[in-house]
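Summary of structural features
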Amino acid sequence: MSTINYAPLHLHSAFSPQWGVRSLEDICRSARDMGITTLALTDRNGLYGIPRFLTCADHYGLRPVIGCEACHHGERAVLLVRNEEGYANLCRLLSELHCRADFSLSGRLPHYHRGLTVLSDQKHLLTRLRGQTDEHLYVELSPGHQMHQALVLAKNLNLPPVATSRAVLLEDGDYEIHQLLRAIALNTTFSRLASEQTARDCDRLYSPARLADYFPHCPQALTNTLKIAEDCQHRWDFTLVFPSFRGRSEAEAYQLLETRARDGAAWRYRQITPRIEERLQKELRLIREKGFAHYFLVVEELARQCPRTCGRGSAAASLVAYCLGITHVDPIAHNLFFERFLNEDRQDPPDIDIDFPWDERDAILDFAFARYGARRAAMVANQIGFKGRSAIREVAKVFGFPDAEIKALTERISGYWKADQSAGAVATHPLFHGETFSEDWQNVLRLARRLKGQLRHLSLHCGGIVIVPDDIRRYVPVEISAKGLPVIQWEKDQAEQSGLVKIDILGNRSLAVIRDALVAVRRNTGRQIDYASWQPLQDGKTRNLIKSGETMGCFYIESPATRLLLKRMWQDNPCDDQRDLFEHLVMASSIIRPAANRFILEFLARMHGRSWQHLHPLLTDVLGETYGIAIYQEQITQISMALAGFSAGEGDQLRKIVSKKDRRQTLEDYRQRFRSGALAHGVGENVINALWEQILSFAGYSFCKPHSASYALVSCKSAYLKANHPAEFMAAVISNQGGFYSPFAYLSEARRMQLEVLPPDINHSDYHYTGRQRELRLGLMQINGLSRQAVTRLLSERNDRGPFHDFADFMGRVTIDQSDARLLIKAGCFDELEGKQRRPTLLWRLLGHNRQPSVGQMPLFGAPAAALPEPPPYDARTVLDQELETLGMLVSFHPLVLYRSQIARLKPVRACDMLRWVGRHITMIGWWVTGKTVQDKNGRPMEFISFEDTTGIYDATFFPGAYARFCRKMVRHRPYLLKGKVEEEFGVPTLTVDWIDFIDA
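Residues numbered from 1 in each chain as written. Predicted model: local features only at pLDDT ≥ 70, side-chain atom pairs only at ≥ 80, totals over all residues. Heavy atoms only, no water.

Moving on: the overall build of the protein chain. Along its length, the protein chain carries 40 helices and 21 strands. What you see for the protein chain is a C-alpha radius of gyration of 33 Å, in line with the 30 Å of a compact globule of 1001 residues. Along the first, second and third principal axes, the C-alpha set of the protein chain runs to 100 × 80 × 60 Å. Within the protein chain, the proportion of its 1001 residues that are buried is 59%. Partitioning the contacts of the protein chain with sequence separation of at least 6, the portion at a separation of at least 24 is 70%. (Helix = DSSP H or I, 4+ residues; strand = E, 2+ residues; numbered from the N terminus. Rg over C-alpha atoms; globule rule 2.2 N^0.38 Å. Buried < 20%, exposed > 50% of the residue type's maximum accessible area, 1.4 Å probe, protein only. Contact = heavy atoms within 4.5 Å.)

Written out as structure tokens, the structure is:
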């Protein structure tokens, strides 16, 4: 008896949005275990997971077939790729399916059938294709899907049949998940889900023998699967696809690049020294050999569209990028490792990230699409799945739970938890301690775990754009995003894996902060600061501000953990050398990553003078500048090269495996190679293990030195503005709605800087916050619910005809909705003109005109004031309530002032006096500023919270025991009463909390 075999040709993975269930790894492993050797992936209407599928199939020893199931308005066909022409046609067909309003599958498939094998059981579609592609046209027979009628159709049309199982499921429990996904997609409940809107329970991946049981009457249907599979291309070697710069040849592009790089070197350095020349030749040679010239020219052209950019990532190690003005940190002066960006062995495309001011980024994208066209350019996708909160919310909706009950649970779930983490946390996290859940809720949590890895939909990557020399739609299907931009179906890693070269055009709010602050400085003082040539660390006030850690509002160094680190680094450790300060700031920006916490204290101790030695003499050049501790990503590469004899390419591959957490077996392979190479160089086991531990600390979130150096330069420019022009700077920070903290926290910081915080005013406020000298004025943007149209009319009238004289003058000149006028009154915008005590009068007059047809023409406001009764003024509490209502916070003073008498009785220690109480248990008062929940080494949750009182901001630690006791009581807008012990490290105090309560009004 011959061996039964077949090739599954219709199969859905979790990359079939809200249809498929299982991961590619699960599917490929199951197929291998069943004895299947060839497998097609045919996700619905897309190639969303094809690059990953090719890698996964190779790992499990399978021959992959690329395909999809195209479904549109009731028409359906499985399309399998036979060759490269077929792949390009499939990409174009799917692009039209997603982008053309008049698309029909039967109408467009005849135009794109070449290179494709078509399977369908729809008579009209098969009839339409007959005569064009008969050799590669089949009738699909599937168990549970009217297989008898399909077989009759095959005979009537004289077309060969092919067996498929329309596989969606691997095991029994998968059907419930499929139904859940369909219910979520259709926004319905389990009880209302119609069976015809889901797959069938028999749509499974079957072993060859099991599927053969369904086809005893038609064995050729199984044989045809092998014939089709054999006819399809299985090996796909993607090559890099670069954009073409203005139609130039490769030689012309390189010549232009060299000319511009040399001109840029003269601009940057004035004199090209032998060291600069050697580095320039080295980089240009590699760029020419790799064929990267076009890419550099395109990126330079984009960067030149804005005078304020931050080229970052590993590209900042490139002298060519620096000379072109793409990056702004000198790679030679700061010893940046070029091989982290490009090396002889690197097969991946170059990756240059450029930050633009966040509100200018869209204009840069518009330029890119105008220059290259929507046929050649498209955005990279984010493939959106289910995070923990959304997973539980969506499953609960399918079960029919009311919104209020769902919110009561999900609002306690971190937005960063994954689907499986959240479901598990609800059972064990202290936030849910003591709660019991009904059987339905337990089912919700059980099913929510299974939504990890499911593709819901595409969104735009934060800035990745792909530009090709011809048509993007021959490389990958394209959809249209909600913003109207074309977007490819792959996220950045799959795009890179398939050879598409991504350019990151990213929005950065701090660049807009710097821009706006510089404009305000020029307007207020007449001083012009050039962004490109600016050397902020030449200023002593800037250096002192960074060393003090008083960097709230300063890009990238304002988080509580970073500010604490900066204070510890320079407490009683004077440093006034600009380059040394910058280098240490770069270290601080890189070592502040979760996995490196255990090395931070040792780094600080060595910086403060503790004696130390390199783990091995061969590391002297590699780790000398970082006190013998691996701080930067590229030091993984350099350590492996110095100790284990790796090439630059091999070392970089190890770095990628560690940082991206690739398969454990691959990492273990590299660990063994690292160990063998190090032993061969005479390195001891203890040293090898210690270094490997440092290497593993780069898993996940970590940076290379060029990236941190680029960010540190922006940090220094922010610090300069805060130190020298605090009002203009803080106004720009709040106006751009960026940074780590809330507007309230920044206003508190402004008060600590001795700035006067002024309320919104009808004659002095702009839309944004404004700063001048020692005053910070709230912008009209802060008024909750105030329409942008009202603000535009107000500002236009004021600019054209001058300030308003009183409320009646305002209402006579500006046509404005009554709801907007009411907000302006309650926010205090007319207090300077009319007096705070007349707010009720103004509101009463406004109320009396509800019947007027035009609020802008109110004769009542022209009536003599004496003819109208005057309501009594509001009491102080009502005025404060209006302030909270309209501005979302107290602006006239710090909210702790409301509790002065209660606080005085408690006699707390002030934040500014903490150092006097080191080692002692104390009582403190605090207003919540920001917090971060983390896990200790045993996986238990704990939290770091920044509090403030009227004298300063301080950091408090809730270790797991305290967090478990008090996490359910932690709310933001109440004054905390904190008891705990003052701890001190390197001269910086923190509070370890033992007990909390709240102060009542």
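With respect to the helices, strands and loops of the structure, Asn 89 is situated in helix α3 (residues 84-99). Those residues within four positions of Asn 89 in sequence are excluded, and the remaining contacts are Tyr 112 and Arg 114.

Of note, Asn 335 is a non-glycine position whose phi angle comes to about 55°, a positive value. Tracing the backbone through its elements, the reader meets Asn 335 in the loop between α13 (319-323) and β8 (353-357). Within the chain, Lys 907 stands out as a residue other than glycine whose phi angle is a positive 50°.

Take the sheet that holds strand β15 (residues 770-772) next. Strand order in the open sheet formed by 3 strands is β14-β16-β15, with mixed pairing between adjacent strands. Edge positions in the sheet fall to β14 (756-758) and β15, since each has one partner strand and no second. Each strand of the sheet is rotated relative to its neighbour by a mean of 20°, with strand direction disregarded. The strands that helix α31 (residues 726-735) touches are β15 and β16 (775-777); relative to β15, the one it contacts most, it runs at about 175°. (Pairing = 2+ DSSP bridges. Axes fitted to C-alpha atoms, helices over the stretch in contact; angles between N-to-C directions.)

Per-residue confidence for the protein chain averages 91 on the pLDDT scale, and 96% of its residues sit at or above 70. Long-range and interchain partners of residues 851-860, a stretch whose pLDDT sits below 50, account for 17 contacts in this model, where long-range means more than four residues apart. (pLDDT = per-residue confidence, 0-100.)

Time to look at the pattern of salt bridges. Between side chains of opposite charge, a pair can form as their charged atoms come close. Under the criterion given, the structure shown has 76 salt bridges. Two residues, Arg 22 and Asp 174, come together in a salt bridge whose shortest N-O distance is 2.9 Å. One end of the pair, Arg 22, is in the segment before α1 (24-33); the other, Asp 174, is in helix α7 (residues 174-186), with 152 residues separating them in the sequence. A salt bridge links Glu 948 to Arg 752; the nearest nitrogen and oxygen atoms lie 2.8 Å apart. Taken together, the positions of Glu 948 in strand β18 (residues 941-949) and Arg 752 in helix α32 (residues 743-752) put the pair 196 residues apart, joining distant regions of the chain. What makes Arg 752 partly exposed here is its relative accessible area of 23%. (Salt bridge = Lys/Arg side-chain N within 4 Å of Asp/Glu carboxyl O.)

Across 7 bridges, the pairing between strand β17 (residues 921-935) and strand β20 (residues 975-985) is antiparallel. The residue of β20 that forms the bridge with Thr 923 is Lys 979. Two strands pair when backbone bridges link them, and β20 and strand β21 (residues 988-998) are joined in this way by 10 bridges, in the antiparallel orientation. Note that in β21 the partner of Val 982 across the bridge is Leu 991. Counting the residues in the hairpin turn of β20 and β21 gives 2 residues, including Phe 986, whose phi is positive at 55°.

Moving on, we get to the packing of α7 against helix α15 (residues 388-398). Packed helix pairs are specified by the crossing angle of their axes together with the interaxial distance, meaning the distance between the axes. Remark: α7 packs on α15, axes separated minimally by 9 Å, with the N-to-C direction vectors making an angle of 90°. As the angle between them shows, α7 and α15 are arranged roughly perpendicular. From α7, Leu 180, Ala 183 and Ile 184 reach across to α15, where they touch Glu 394, Val 395 and Val 398. Its residues placed into classes, the contact of α7 with α15 shows 5 nonpolar, no polar and 1 charged. (Parallel < 35°, antiparallel > 145°, perpendicular 65-115°, else oblique. Nonpolar A, V, L, I, M, F, W, Y, C, P; charged D, E, K, R; others polar.)

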